[in-house]
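Secondary and tertiary structure notes
Each chain is listed here by its residues.
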Protein chains: 2
Amino acid sequence: MNYEEAGVDIRRKAKVLQAATAAIKATYTPEVLRGIGAFGGMMEASRLKDLAQPVLVVSTDGVGTKTLLAAQTGRWGGLGYDIVNHCVNDLLVQGAKPLFFLDYIASARLEPEVLGMVLTSLAQACQTVGIPLLGGETAEMPGIYREGGLDLVGTIVGVVDKAHLVDGAKVQPGDVLLGLPASGLHTNGYSLARKVFEGWDLEEPRPELEGYSLANVLLEPHRCYLEPVSRLLEAHIPIKAMAHITGGGVYENLPRALPEGLGAELQSGSWPVPPIFRLIQDRGNIAPNEMYRVFNMGLGYILVLDETEAQKVVSLLPEAQRVGYIMDQPEIRVSGLS
Amino acid sequence: MNYEEAGVDIRRKAKVLQAATAAIKATYTPEVLRGIGAFGGMMEASRLKDLAQPVLVVSTDGVGTKTLLAAQTGRWGGLGYDIVNHCVNDLLVQGAKPLFFLDYIASARLEPEVLGMVLTSLAQACQTVGIPLLGGETAEMPGIYREGGLDLVGTIVGVVDKAHLVDGAKVQPGDVLLGLPASGLHTNGYSLARKVFEGWDLEEPRPELEGYSLANVLLEPHRCYLEPVSRLLEAHIPIKAMAHITGGGVYENLPRALPEGLGAELQSGSWPVPPIFRLIQDRGNIAPNEMYRVFNMGLGYILVLDETEAQKVVSLLPEAQRVGYIMDQPEIRVSGLS
């Protein structure tokens, strides 16, 4: 019906979505107030009262054109993890833990089966990190979206006690950059990747990808760093700054975590770059610097600590690798690029 | 650049958006922590600690295809008010006051001028209701959006003390429905309205619209009910339930506010229906019931109170009109439709 285009929440209507609705309800913690609040989700915030100076940390993001690959391959089950984990990581860099998540899903027309798969993966991703999927909206707007185009947007709210905010203030030249591996492209660089692989068979196993297919590798969900980073926070390791490497790569994301006037040098070769990035660079004939400007290049998350603490972290998190150090010039340099 | 499609935040880049950035900064209350938190907006939540049982109330919504009319007429300055006010009203029905707002703006390509107008109107709308525009994301995705199609989505977080939640629990048969006038279509029914007026001159003054043009009337921003409803809440008027009449009209929105088993009868003619709805109904040859299923029909917000309290409200809010009453059958009826 035409008027359904105008932002009417399909979830209130479609009977076929009962499985997804059950998955969403399964995310409700005891703090979630149910039965009431159909106009808005509700959650008791008593937890915040226990903190000396609660600070709410919030972020909104989208999965970008990764949805087009999901549509092409019919693999919708990872997108929920993509957006939930992306948002969780964005809070985590400030030391905040997530409280709840909301989604927005829009398209020209939403196949109930597709909507069900996306909602279920959103709910499962929320349940994995222990937060309720507290609300959302779904819209069909053929006047605005291309046929087959779908946008998935998430909003997350988290909290941190002001005394535990990670804000980069103590970062100094010589501090160490520790990198945590990415699971793949995460949710950035897909427009370029899709151009490079235009016309390729996405399901064919490829030796350059250790026998995996492009569909396997490109649709690998965005990794969540909540568990490893929480381990460090709970061990009271004084982390000076953290960066989530998303759109714009290290060049754009590291500066967001550092104080004015400081920069960083990363030594390429000090961490393994997953084969997908080499394949994109070779087949797309893309300059190394451009690759680092578009993709995470295998570094999904970066921690900044002083030398002594960095050594502790490596023993606590063997996957953490020394990838560079802080410089007293306001620039991001990647050395050893060929 | 192609990779800009992939959810990169244009606000971090575009120099032309300084005016919008200033407008956004002007929304920052003293609770907003600035200078830090580039990955996520931050706000001190000390306010919540003063409440006995703080409950967070959250909502995400979009403006739907109203953006297509804005594009057609170049009038972008109202859309920010549309989405902010829509979200504020969604919290208000539960007695919650807004804390902060986040936006998401996506299109095939975003003209900086258009983006600037939308961001500025979002900021001004937030400032009008006294909340910070704490975060947002902007994306250009030609693979997902139609040329000229723009989607505007908002997420709001508010708070209410549990003892003051308005949840409909005390609603009884015979309770009175008071309606507050809408400023127009608000943000619903635009796909149908656009179909009806396809090919019409949107700027021509029309006698059926009291001399206003379709552009004037159709792009009138969604009204915010925070001020009048707050007056009642502060006067401790025991409001039993409230409904924000959005997509689905009274038929879909009133039941969301009422307990199981109860319904309502509205007497058409007991409030003035703005001329735009008559014009749509006549020119679209649409059945009266269908009109009430798509549009707010001039009732943007409905309060449910017992008889005595209803009389108090009418004296406090002269614009509030008695439009119906609660029935002991689970159905919404509009009587006197011709």
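Since the structure is predicted, the reported quantities are computational estimates derived from the model, not experimental observations.

Listed as interface residues are 83 residues of chain B and, on the opposing side, 83 residues of chain A. Counting the surface lost from both chain B and chain A, the interface buries some 6700 Å², and carbon and sulfur atoms represent 61% of this. Between the two partners, chain B and chain A, sit two salt bridges. A salt bridge links Lys162(B) to Glu44(A), with the nearest nitrogen and oxygen atoms 2.9 Å apart. Here chain B is connected to chain A by 24 residue pairs in polar contact (both at pLDDT 80 or more). Broken down by element, the side of chain B that touches chain A gets its largest block of residues, nine residues, from strand β2 (residues 54-62) of chain B. Across four bridges, the pairing between strand β1 (residues 41-44) of chain A and β2(B) is antiparallel. Across the sheet, Met42(A) pairs through a bridge with Val57(B), a residue of β2(B).

What follows covers the sheet that holds strand β6 (residues 176-181) of chain A. Residue and element names in this part refer to chain A. Pairing is mixed in the open sheet, where six strands are placed in the order β7-β9-β6-β10-β8-β11. The outermost strands of the open sheet, each flanked by one partner alone, are β7 (241-244) and β11 (332-335). The mean angle between the axes of side-by-side strands here comes to 25°, regardless of whether they run parallel or antiparallel. Here strand β8 (residues 263-267) pairs with β11 via four bridges, running parallel. For Glu265, the partnering residue across the bridge sits in β11 and is Arg333. On the sheet, helix α4 (residues 79-92) packs against β7 and β9 (299-305) and is oriented at approximately 160° with respect to β7.

What follows is about the domain arrangement of chain A. Residues and elements named next belong to chain A. Assigned domains within chain A: domain 1 (10-162) and domain 2 (176-335). Each of domain 1 and domain 2 has a C-alpha centre, and these two points are 25 Å apart. Each partner contributes to the interface: domain 1 provides 23 residues, whereas domain 2 provides 29 residues. Our enumeration of links across domain 1 and domain 2 arrives at two salt bridges. At the boundary of domain 1 and domain 2, one finds 14 residue pairs in polar contact (both at pLDDT 80 or more). Sorting the residues of the side of domain 1 that touches domain 2 by element identifies α3 (66-73), α4 and β3 (97-107) as the ones contributing at least two each. The greatest single-element share of the side of domain 1 that touches domain 2, amounting to eight residues, is contributed by α4. Per-class residue counts for the side of domain 1 that touches domain 2 are 10 nonpolar, eight polar and five charged.

So, about the relation of the copies chain B and chain A. You can overlay chain B on chain A at an RMSD of 0.0 Å; the transform is a turn of 180° with a shift of 0.0 Å along its axis. One copy is carried onto the other by what is essentially a two-fold rotation axis. Taking C-alpha positions as the reference, the residue of chain B nearest the rotation axis is Tyr145(B), at 2.2 Å. Comparing contact sets, 100% of the residues at the interface of chain B also lie at the interface in chain A, consistent with an isologous, same-surface contact.

Turning to the sheet that holds strand β3 (residues 97-107) of chain B, a few remarks are in order. Read from one edge of the open sheet, five strands run β1(A)-β2(B)-β5(B)-β3(B)-β4(B), paired in mixed fashion. Edge positions in the sheet fall to β1 of chain A together with β4 (133-140) of chain B, since each of these pairs with one other strand and no more. Ignoring which end each strand starts from, the neighbouring axes of this sheet average 15° apart. Bridging between β2(B) and strand β5 (residues 150-161) of chain B involves nine bridges; their strand directions are antiparallel. When the bridges of β5(B) are listed, Leu56(B) appears paired with Val159(B). Docked against the sheet, helix α4 (residues 79-92) of chain B engages β2, β3 and β5 of chain B, running at close to 35° with respect to β5(B).

What follows is about the pairing of strand β10 (residues 321-327) of chain A. Residues and elements named next belong to chain A. When β6 meets β10, the two strands line up antiparallel, connected through four bridges. In the strand pairing of β10, Leu177 is matched with Gly324. In this sheet, β10 lies alongside β8 in antiparallel orientation, the contact comprising four bridges. Its bridge partner lying in β10, Ala264 is registered against Ile326.

A few words on a positive patch on the surface. On the surface, Arg109(A), Arg146(A), Arg109(B), Arg146(B) and Lys195(B) cluster together into a patch of positive charge. Checked against the element boundaries, Arg109(A) lands in the loop between β3 and α5 (112-128).

We now examine the packing of aromatic side chains. Two measures describe an aromatic ring pair: the distance that separates the ring centres and the angle between the ring planes. All names here are of chain A. Scanning the entire structure with this criterion turns up nine aromatic pairs over all chains. Centroid distance Trp271 to Tyr292: 6.3 Å. Interplanar angle 80°. Geometry classified as edge-to-face. Here Tyr292 lies in helix α11 (residues 288-294) and Trp271 lies in the loop between β8 and α10 (275-284), a separation of 21 residues in the sequence. Note on accessibility: Trp271 and Tyr292 belong to one class, buried. Between Arg293 and the ring centre of Tyr251, over which it is positioned, the NZ or CZ distance is 4.4 Å.

Conventions we followed
- Residues numbered from 1 in each chain as written.
- Chains lettered and ligands numbered in written order.
- Predicted model: local features only at pLDDT ≥ 70, side-chain atom pairs only at ≥ 80, totals over all residues.
- Heavy atoms only, no water.
- Contact = heavy atoms within 4.5 Å.
- Buried area = accessible area lost by both parts, 1.4 Å probe.
- Salt bridge = Lys/Arg side-chain N within 4 Å of Asp/Glu carboxyl O.
- Polar contact = N/O pair within 3.5 Å; in protein donor to acceptor, adjacent residues only side chain to side chain.
- Helix = DSSP H or I, 4+ residues; strand = E, 2+ residues; numbered from the N terminus.
- Pairing = 2+ DSSP bridges.
- Axes fitted to C-alpha atoms, helices over the stretch in contact; angles between N-to-C directions.
- Domains from an automatic or database assignment.
- Nonpolar A, V, L, I, M, F, W, Y, C, P; charged D, E, K, R; others polar.
- Least-squares fit on C-alpha atoms with pLDDT ≥ 70 in both.
- Patch = residues over 30% accessible without salt bridge, like charges linked within 9 Å, V, L, I, M, F, W, Y side chains within 5 Å.
- Areas by Shrake-Rupley, 256 points an atom, 1.4 Å probe, with all protein chains shown as cover.
- Lys, Arg positive; Asp, Glu negative; His and termini not counted.
- Charge placed at Lys NZ, Arg CZ, Asp CG, Glu CD.
- Phe/Tyr/Trp six-rings, centres within 6.5 Å; stacked < 30°, edge-to-face > 60°.
- Buried < 20%, exposed > 50% of the residue type's maximum accessible area, 1.4 Å probe, protein only.
- Lys NZ or Arg CZ within 6 Å of the ring centre and 35° of its normal.

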